[in-house]
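Examining the three-dimensional arrangement
So you can see what is in the structure, the chains are spelled out below.
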Amino acid sequence: MRRNLLSVAALLFGTLFLFMGNGLQGILLPVRGNLEGYATTTLGLLGTSWAAGFVVGCLVAPKLVRRVGHVRAFSGFISIIAIIALVSGIIIDPIWWIALRAVTGFSTAGTSMIIESWLNERATNESRGAIFSLYIGITLLGVVGGQMMIPLEDVRTPLLFMVCGIFYCIAMLPTTLSTAASPQPLKAVKLDLPALYRNSPVSCLGILMVGIANGAYGTLGAVFGAGAGLSDASIAIMMSATIFAGALMQLPAGRLSDRIDRRYVLAVMSAIAAVAGLLIVVLHPSSPALLIGLVILYGAVANTLYPIAVAHANDFASAEDFVKVSGGLLLLYGIGTVIGPTIGGPVMAMTSPHALFLVTALSHVFITAYAIIRSRIRAAVPASERDTYTTMPTGTSQMLTPESMSLVEPMSNKPPESDDPAVKYG
């Protein structure tokens with residue numbers, strides 16, 4: 001185990017700085033754009049553009065990697081990200097930012113897929129779970145570390161954009177200088193919506209709604225904080241605390257879903273997220289402590305929904321379809337993150353910054369209602385035959401790629417069956 005972890009230590013070190021750059025850039029652009037007076041709709045398009053680029057990258061990047069190789073592709077992708085971070089600090093223009101953000105999303109998908117495939121090559125069945133958990137922890141730490149740098153410097157200067165560029169360049173070094181053999185070619189995952197829906201209607205539509213809610217908050221949360229009167233430091237604390245709260249809640253929520261029907265857990269968690277969002281909309285809290293507390297409550301439950309929905313879909317899928325189903329759901333989540341900021345920006349512009357949580361609340365109400373309805377139509381898979389719950393990050397700057405699903409594929413504890421579980425359980 002120790003030898004396997006040491007073999008990926010340098011790669012994980014680079015991953016930390018990659019996600020520090022992602023976290024810092026993801027919050028820096030909307031905060032700076034808000035100070036420049038950009039419309040909320042425009043700021044929402046920053047997230048829409050990034051998410052669209054990421055989804056396209058998941059589909060197209062494997063072809064580019066197979067053509068030029070892992071190391072060259074990784075160096076090229078991350079060089080583009082670093083250049084864009086520096087250019088964004090020089091050219092302060094919303095149109096340029098939106099266009100460049102799409103390229104950043106595309107390149108981020110490419111770099112993440114290469115890192116995840118590299119980790120998968122080094123992992124054994126004994127170390128796979130530890131490596132994946134460590135990878136998840138590093139992505140969370142990196143995003144939070146990047147976000148917390150916002151209060152350290154005036155966002156009106158180009159310095160923080162330069163720091164982003166430095167982080168990205170550091171992230172490039174371990175993989176570029178490694179003498180280890182490149183991993184196997186990346187696998188392309190096809191998105192088959194009809195098949196996903198037939199496998200699990202709740203997971204299919206639920207993850208789309210989770211993507212809409214998380215995409216809206218992940219992109220416009222900083223804009224909401226500024227509109228609500230929070231300081232840069234408070235905004236950074238709010239955004240980071242929601243990630244940590246979600247990380248802490250994933251394990252207890254996941255373990256609960258291993259014991260009872262996952263759809264009930266989805267319904268309850270979504271209902272709590274909806275209530276927290278509606279309280280923010282209705283109360284318009286003037287106290288920063290109360291406001292941040294409600295947002296943290298929202299983040300704690302909202303960030304548990306994606307991995308539970310994936311586990312529910314895998315309960316009804318055959319073992320050999322684990323990566324296919326999970327990867328397809330991931331891309332569906334990406335589509336949701338494209339829709340969320342596109343809707344959230346205009347809604348906030350027409351009403352108030354607090355209306356961001358009206359968008360998230362409606363998404364979560366839909367999940368609650370649909371999960372309850374489907375639980376009356378289709379029986380749950382018995383606990384002894386369910387797939388193992390796995391924690392996963394679900395922020396717009398920390399989305400996983402289909403390659404990451406290969407890291408957890410051998411962890412499935414579902415016994416082989418000759419009958420299709422989707423048929424067996426109605």
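Residues numbered from 1 in each chain as written. Predicted model: local features only at pLDDT ≥ 70, side-chain atom pairs only at ≥ 80, totals over all residues. Heavy atoms only, no water.

Taking an unreviewed UniProt entry as the reference, the chain is identified by name as Putative MFS family arabinose efflux permease belonging to Rhizobium mongolense USDA 1844.

1. Brief notes about the overall build of the chain
Defined as follows: The helix count covers DSSP runs of H or I at least four residues long, the strand count covers runs of E at least two residues long, and both are numbered beginning at the N terminus. Between buried and exposed lies partly exposed: a residue is buried under 20% and exposed over 50% of the maximum accessible area for its type, with that area taken using a 1.4 Å probe on protein chains only. Residues are treated as being in contact if the distance between any of their heavy atoms lies within 4.5 Å. Note that accessible areas follow from Shrake-Rupley with a 1.4 Å probe, and for residues the cover is restricted to the protein chains shown.
Secondary structure assignment for the chain yields 17 helices and zero strands. Burial status across the chain gives 58% buried among its 426 residues. For the chain, restricting intrachain contacts to residue pairs at least 6 apart in sequence, the fraction spanning at least 24 positions comes to 88%. Of the roughly 16,000 Å² of accessible surface on the chain, a fraction of 68% belongs to carbon and sulfur atoms.

2. Examining the packing of helix α3 (residues 40–68) against helix α4 (residues 70–90)
Axes are the key here: two packed helices are described by the angle between their axes and the distance separating the axes. Put simply, the rule is: Lines fitted to C-alpha atoms define the axes here, with helix axes fitted over just the stretch in contact, and angles between the N-to-C directions of these axes take values from 0 to 180 degrees. What sets the label is the angle itself: under 35 degrees gives roughly parallel, over 145 gives roughly antiparallel, 65 to 115 gives roughly perpendicular, and the rest give oblique. Polar here means any residue outside two lists: the nonpolar Ala, Val, Leu, Ile, Met, Phe, Trp, Tyr, Cys and Pro, and the charged Asp, Glu, Lys and Arg; Gly therefore counts as polar.
At their nearest, the axes of α3 and α4 sit 7 Å apart, and the two run at 125° to each other. It follows that α3 is oblique to α4 by the angle criterion. Here A61, L64, V65 and V68 of α3 come into contact with α4, specifically with H70, R72, A73 and F77. A breakdown of the residues in the contact of α3 with α4 according to their chemical character gives six nonpolar, one polar and one charged.

3. Section: the side chain of H312
Mapped onto the elements of the fold, H312 is located in helix α13 (residues 305–315). Relative accessible area serves as the criterion here: at 4%, H312 is assigned to the buried category. Setting aside residues up to four positions removed in sequence, H312 forms contacts with S200, V202, S203, R262 and R263.

4. Quick word on a nonpolar patch on the surface
Using the following cut-off: Residues forming no salt bridge and having over 30% relative accessible area are the ones grouped into patches, like charges within 9 Å of each other and nonpolar side chains (Val, Leu, Ile, Met, Phe, Trp, Tyr) within 5 Å. Salt bridges are defined by distance alone: a side-chain nitrogen of Lys or Arg within 4 Å of a carboxyl oxygen of Asp or Glu.
Together, V56, L59, V60 and L64 make up an exposed nonpolar region whose accessible area comes to about 270 Å². Inspection of the secondary structure puts L59 in helix α3.

5. Remarks on the environment of S240
Mapping S240 onto the fold places it in helix α10 (residues 232–259). Separated by 94 residues in the primary sequence, S240 and G146 place their C-alpha atoms 9.4 Å from one another.

6. Concerning the confidence of the model for the chain
Applied cut-off: Summary of the metric used: pLDDT quantifies the predictor's per-residue confidence within the range 0 to 100.
Of all residues in the chain, 83% have pLDDT values of 70 or greater, and the mean over the chain is 85. At the low end of the mean pLDDT range in the chain sits helix α17 (residues 421–424), at 44; at the high end sits helix α11 (residues 262–283), at 96. With pLDDT under 50 throughout, residues 416–426 is counted as low confidence; its partners more than four residues away or in other chains account for 16 contacts.

7. What to know about the packing of aromatic side chains
Definition in use: Two aromatic rings, drawn from Phe, Tyr or Trp (for Trp, its six-membered ring), form a pair once their centres lie within 6.5 Å of each other, and the interplanar angle then sorts them: stacked below 30 degrees, edge-to-face above 60, tilted otherwise.
Taken as a whole, this structure holds twelve aromatic pairs when the rule is applied. Three or more aromatic residues joined by ring pairs make a cluster, and in this case those are Y217, F224, Y298 and F357.

8. Points about the packing of α11 against helix α12 (residues 288–302)
What counts, and what does not: The hand of a helix crossing depends on one turn: near helix anticlockwise from the far one by less than a right angle means left-handed, and clockwise means right-handed.
One way to put it is that α11 packs onto α12 with a least axis distance of 8 Å and a crossing angle of 160°. The orientation of α11 with respect to α12, classified from their angle, is roughly antiparallel. Of the two elements, α11 crosses α12, and the hand of that crossing is left-handed. Residues M269, I272, A273, A276, L279 and I280 of α11 touch α12, and the partners they reach there are L291, L294, V295, L297, Y298, V301 and A302. Here the residues of the contact of α11 with α12 are counted per class, giving 13 nonpolar, no polar and no charged.

9. What to know about unusual backbone geometry
Phi is positive for H284, which is not a glycine, with a value near 45°. Mapped onto the fold, H284 is located in the loop between α11 and α12. Look at H284 and you get partly exposed, because its relative accessible area is 38%.

10. Regarding helix α7 (residues 159–177)
This is how the line gets drawn: One less than the number of residues in a helix, times 1.5 Å, gives the span that helix is expected to have.
Its 19 residues give α7 an end-to-end C-alpha distance of 27 Å, which sits within 8% of 27 Å, the value for a rise of 1.5 Å per residue. Turning to α7, its buried residues are L160, F161, V163, C164, G165, F167, Y168, A171, M172, P174 and T175. Those residues of α7 hidden inside the fold are in contact with α2 (9–35), α4 and α5 (94–122).

11. Quick notes on the side chain of D261
As for its placement among the helices and strands, D261 is situated in the loop between α10 and α11. Overall, D261 belongs to the buried group, its relative accessible area being 11%.

12. Considering the environment of L278
Mapped onto the elements, L278 comes out in helix α11. What makes L278 partly exposed here is its relative accessible area of 36%. For L278 and A361, which are 83 residues apart along the polypeptide, the C-alpha to C-alpha distance reads 6.4 Å. Leave out the neighbours within four places in its chain, and L278 touches L358 and A361.

13. Re the pattern of salt bridges
In this structure the tally under the stated criterion is six salt bridges. With a shortest N-O distance of 3.5 Å, R156 and D154 are connected by a salt bridge. On the basis of relative accessibility, which here comes to 52%, the residue R156 falls in the exposed class. Across the pair D258 and R262 runs a salt bridge, and its minimum N-O distance is 3.0 Å.

14. Considering the environment of L362
If you trace the backbone, L362 turns up in helix α15 (residues 356–377). For L362, a relative accessible area of 56% translates into the label exposed. Each C-alpha atom of the pair L362 and A273 lies 10.0 Å from the other, and the pair is 89 residues apart in sequence.

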